[in-house]
Every structure is written in structure tokens, then in C-alpha cells.
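Structural description and commentary
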Amino acid sequence: EEEDHYLEDHGAYLVLEPEAWASLGHRSAPPQEARTKGRARVSVRCLFFEPDDESIPILRFPFASMHILDPAEDRQAFVVRTELFAELHADAPFVFHSARRLAEGAGAWTVEVALQHTPLAQLLPVLERLRTISALRRPELAVDALVQEREATFCFDTSWLEDLVSENVIAECRVRRITPLVAAPGVVVLTDRNLYFQCMHTVESEPQQRWPVGAIHRSERKRYLLRHTALEVRFRAPGAAGTGAAGALRGGLTGGAEG
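Here is what the cut-offs are and how they apply
- Residues numbered from 1 in each chain as written.
- Predicted model: local features only at pLDDT ≥ 70, side-chain atom pairs only at ≥ 80, totals over all residues.
- Heavy atoms only, no water.
- Helix = DSSP H or I, 4+ residues; strand = E, 2+ residues; numbered from the N terminus.
- Buried < 20%, exposed > 50% of the residue type's maximum accessible area, 1.4 Å probe, protein only.
- Contact = heavy atoms within 4.5 Å.
- Areas by Shrake-Rupley, 256 points an atom, 1.4 Å probe, with all protein chains shown as cover.
- Polar contact = N/O pair within 3.5 Å; in protein donor to acceptor, adjacent residues only side chain to side chain.
- Pairing = 2+ DSSP bridges.
- Axes fitted to C-alpha atoms, helices over the stretch in contact; angles between N-to-C directions.
- pLDDT = per-residue confidence, 0-100.
- Core = buried A, V, L, I, M, F, W, Y, C linked by side-chain atoms within 4.5 Å.
- Salt bridge = Lys/Arg side-chain N within 4 Å of Asp/Glu carboxyl O.
- Expected span 1.5 Å × (residues − 1).
- Arc of directions from axis to C-beta.

**Looking at the overall build of the chain**
Across its full length, the chain holds three helices and 16 strands. Every one of the 259 residues in the chain was classed for burial, and the buried ones make up 44%. Residue pairs in contact within the chain that sit at least 24 positions apart in sequence constitute 51% of those at least 6 positions apart. By element, 52% of the accessible surface of the chain is carried by carbon and sulfur atoms, the whole surface being about 14600 Å².

**Thoughts on the side chain of His-10**
Here His-10 lies in strand 1 (residues 6–16). Polar contacts involving the side chain of His-10 include one to the side chain of Thr-118, which spans 2.8 Å. Excluding anything up to four places from it in sequence, His-10 contacts Gly-38, Arg-39, Ala-40, Leu-115, Thr-118, Gln-122 and Leu-123.

**Let's talk about the sheet that holds strand 1**
Spatial strand order, 5-6-9-1-2-3-4-7-8: nine strands in an open sheet with antiparallel pairing. Among the strands making up the open sheet, the edge pair consists of strand 5 (66–71) and strand 8 (95–98). Strand-to-strand twist across the sheet, computed as the mean angle between neighbouring axes with direction ignored, equals 30°. Contacts from helix 2 (residues 120–134) reach strand 1, strand 2 (36–43), strand 5, strand 6 (77–82) and strand 9 (109–115) within the one sheet, and its direction differs from that of strand 5 by about 165°.

**A closer look at the pairing of strand 5**
Each regular strand displays side chains that alternate between the two surfaces of the sheet. In this sheet, strand 6 lies alongside strand 5 in antiparallel orientation, the contact comprising five bridges. Each residue of the ladder has a partner; that of Met-66, found in strand 6, is Thr-82. The turn joining strand 5 and strand 6, which pair antiparallel and follow one another in sequence, is formed by five residues; a positive phi near 60° is taken by Asp-74.

**Comments concerning the confidence of the model for the chain**
Predicted confidence across the chain gives a mean pLDDT of 80, with 78% of residues reaching 70 or more. Scored below 50 in pLDDT, residues 239–248 makes 30 contacts in the model with residues more than four places away or belonging to other chains. A low-confidence stretch, residues 250–259 stays under pLDDT 50, and its non-local contacts, those more than four residues away or across chains, total 30 contacts.

**With respect to the nonpolar core**
One finds Val-42, Leu-47 and Phe-78 to be the most contacted residues of the largest nonpolar core, which totals 33 residues. Broken down by element, this core gets its largest block of residues, seven residues, from helix 2. The next biggest cluster of nonpolar side chains, apart from the first, holds 14 residues, and it includes Val-188, Cys-199, Ala-215 and Leu-231.

**Some details on the pattern of salt bridges**
Once their charged atoms are close, side chains differing in charge can pair, the charge on each being opposite to the other. The final tally for this structure, using the stated rule, is 11 salt bridges. Across the pair Arg-176 and Glu-151 runs a salt bridge, and its minimum N-O distance is 2.7 Å. Of the two residues, Arg-176 is situated in strand 10 (residues 169–179) and Glu-151 in helix 3 (residues 140–152); the sequence distance between them amounts to 25 residues. Note that Asp-163 and Arg-193 form a salt bridge whose closest N and O atoms lie 3.3 Å from each other.

**Observations regarding helix 3**
The terminal C-alpha atoms of helix 3 lie 18 Å apart, and with 13 residues this matches the ideal 18 Å at 1.5 Å per residue to within 8%. All of the buried residues in helix 3 are Val-143, Leu-146, Val-147, Arg-150 and Glu-151. Down the axis of helix 3, the buried set is contained in an arc of 130°. They therefore lie on one face. Those residues of helix 3 that are exposed and aimed more than 90 degrees away from the buried face are Leu-141 and Gln-148.

**A closer look at helix 2**
Helix length check: helix 2, at 15 residues, gives a terminal C-alpha distance of 21 Å against a target of 21 Å (1.5 Å per residue), a fit within 8%. Regarding helix 2, the residues found buried are Leu-120, Leu-123, Leu-124, Val-126, Leu-127, Leu-130 and Ile-133. At its buried positions, helix 2 is contacted by strand 1, strand 2, strand 5, strand 6, strand 9 and helix 3.

Structural data, given as C-alpha cells:
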């Protein structure tokens, strides 16, 4: 969604109550296994579950609709009680499921998410903070503070350098790589041999991209959101960056300063 920000993801299992499974249009019964394996993805506004089983749609649970977010007893899991969730389809309209459709007295859907590797104590405070932010009248300032706090702690992984011994880092700064519909936060690093971009999030197909300095054809400042805060880099070799261009990198190569 517009103004939403992707934060993190974790391996997890999802357990939905039978009524919730039955409400999914293309399934009349839950899977054979009680738990469905996939990824729990967290954004500022919603908790998503992306199943490994492609026959099951991606499910979205808005924080603003959650009533309860508690750890499950004796398990590395948490339980969510929510008034609303949606199933997301790539080739069909989203389907929204409201608790009002449940039998009288139920009041909310019950969802359990069991984490595979992430400690519950690491993720649950993040989710509670996001649920608190969603209840604010004007959450923009709190959202901005959270996003800036996350981005400030992200650093380039020097193990991605082509030559760990002799390659020298010249400049490093936090940027956003601008592509259609996406502004991906990350770090750009310029060395005496290569230009690197490491994305902050794991949604990218490759966590790090590299272009030889010798392949750079030209770079020029561009407008982004009506301000001269972007740098576009183009390469001589058409295949150097997939489409022949690295895209626009917000912040340039001056320590992330804008302007």
C-alpha cells in the first residue's frame, strides 16, 4: 500500500481456525497438515503470511484490526485475534473477510503463527509497537521514527566485496533505489573497482548487486519527489545491470545527504 514500509520477514507456520480456512473461496477445508509453512512478513501497517504452498493465497492481517496479540502457551508462537483479514491474489481481486460474517458471539478470527527460528522475544515487541502505532490518531511521525531507526542500524556487509584484501572503499551512504512502484532502502558503496548496492530487505532476488566502475557510462542528478535528490547511473554494457541501468539512487554518494 502507499505509505506502507516493509520491515522484516521470518520463517513461520500458520494455523487458522477451521472457519477461516472454510472462508477462503477456493478451499472448503484446511490443509491435511494442521500447520502451513511459509514466511511471516512484517510491514508498518500489516502482518502478511506468504505460504510455501502456492495454492493458498497470501494472507494480510492489518494491525489496526487486531484485538489481541499474545504469546501462545508453551510454544514458540503468538496468537492474533483480528476483526479483518484479506487474501491477496496476483490475478484476481483481493478478498476481504470480516468477523461480522462469523456466527454471533465469535467477534474475531483467531490466528496462530509459530516461528521457525526467530526468538519470540525478538519479534513480539516489534508487532506490539506496530499495533500501538496503528491505533494513533496521526501515526505518521511514529512511523517515520521507526523507519529511520531501522535504516540507521543497517550497514553494508563487507564480505560481499569482490576482493576482501586489496579493494578499497571510497564512499558509502544510505540510499533508496528507485524503480517503478518501489523505493527500496539500502546502502550504496563505491570502491576503486566496483559500485555496490545492498538492499536492506530480503524481498530482493539478490541481496547485493555489483557493477564494475569501468562499465559506468555516465551519472547525472535527477529529480525525485520534485527535489534534486536522486542520482541516475547508466552503464555501457546492456547486461551489466539487467536493463542496462542501476536505477535512481536516492541520496547520491555524499553520505546520504539530500540536496
